[in-house]
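Chain by chain, the residues run as shown.
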Amino acid sequence: MMFCQASFFGSGAYITGLLIHHFQPNIFLCMGTAVAGVALLALVFGYMGTLRIGSYCVLLTLAFNELIFFIAYQWKTLTGGSDGLRNIPRRRWKSQAFLK
C-alpha cells in the first residue's frame with residue numbers, strides 16, 4: 001500500500017510547469033514528459049517500498065511523501081518554495097479573444 005499519491009501528482013505538476021516555463025513547448029508534450037517522469041519516480045518508490053513488508057512499507061511511503069514535500073518546499077530557486085511557480089505563460093485560446 002502506497003501513501004505518496006499526492007507527491008506523484010505534485011511532481012507531475014511541477015515537471016509540467018517547469019517545462020512550460022523554461023522551454024515553452026507544446027502543453028501535451030510537457031504533460032507526456034511529466035507522466036513519464038512520475039512513472040519513473042513511482043517505479044523507484046514502488047521498488048523500494050516493496051522491499052519492506054507490513055508497517056515498514058507504510059512508513060517508508062510516508063517518508064517518500066515527506067521527501068518530495070521538503071524538496072518542493074526548500075528548493076526555492078527551482079520550485080519557488082511556498083510561493084510556488086511564477087511567470088508560467090498562459091496560452092490564449094481563440095474563444096478567449098472576445099474577453100479582451
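The structure presented is a predicted model; accordingly, all values stated were derived computationally and were not measured.

Peer 1: For this particular structure, what's the right way to read the packing of helix 2 (residues 27-50) against helix 3 (residues 55-74)?
Peer 2: Packed helix pairs are specified by the crossing angle of their axes together with the interaxial distance, meaning the distance between the axes. The interhelical angle for the contact between helix 2 and helix 3, taken along N-to-C directions, is 150°, at an axis separation of 9 Å. As helix 2 runs across helix 3, the sense of the crossing is right-handed. When helix 2 is examined against helix 3, the residues Leu41, Phe45, Met48 and Gly49 are found in contact with a partner set consisting of Cys57, Leu60, Phe64 and Ile68. Of the residues in the contact of helix 2 with helix 3, the class split is seven nonpolar, one polar and no charged.

Peer 1: What am I meant to see in the packing of helix 1 (residues 5-23) against helix 2 here?
Peer 2: The contact between helix 1 and helix 2 brings their axes to 8 Å, and the two run at 140°. Relative to helix 2, helix 1 is oriented so that their crossing is right-handed. Of the residues in helix 2, those touching helix 1 at Phe8, Ser11, Gly12, Ile15, Thr16, Leu19 and Ile20 are Ile27, Cys30, Met31, Thr33, Ala34, Gly37, Val38, Leu41, Ala42 and Phe45. Classifying every residue of the contact of helix 1 with helix 2 by side-chain character gives 12 nonpolar, five polar and no charged.

Peer 1: It is not clear to me how the packing of aromatic side chains should be interpreted in this structure. Could you clarify?
Peer 2: Aromatic ring pairs are reported here in terms of the distance separating the ring centres and the angle at which the planes meet. Enumeration according to the criterion identifies four aromatic pairs in this entry. Residues Phe8 and Phe45 carry aromatic rings whose centres are separated by 6.0 Å and whose planes lie at 35° to one another, so their mutual orientation is tilted. Residue Phe8 is located in helix 1, and its partner Phe45 is located in helix 2; the two are separated by 37 residues in the primary sequence. Ring plane angle 5° and centroid distance 4.2 Å describe the contact between Phe45 and Phe64, whose orientation is recorded as stacked. Note that Phe45 is positioned in helix 2 and Phe64 in helix 3, a separation of 19 residues in sequence. We classify Phe45 as buried; its relative accessible area is 5%.

About the thresholds
- Residues numbered from 1 in each chain as written.
- Predicted model: local features only at pLDDT ≥ 70, side-chain atom pairs only at ≥ 80, totals over all residues.
- Heavy atoms only, no water.
- Axes fitted to C-alpha atoms, helices over the stretch in contact; angles between N-to-C directions.
- Helix = DSSP H or I, 4+ residues; strand = E, 2+ residues; numbered from the N terminus.
- Left-handed = near helix turned anticlockwise from the far one by under 90°.
- Contact = heavy atoms within 4.5 Å.
- Nonpolar A, V, L, I, M, F, W, Y, C, P; charged D, E, K, R; others polar.
- Phe/Tyr/Trp six-rings, centres within 6.5 Å; stacked < 30°, edge-to-face > 60°.
- Buried < 20%, exposed > 50% of the residue type's maximum accessible area, 1.4 Å probe, protein only.

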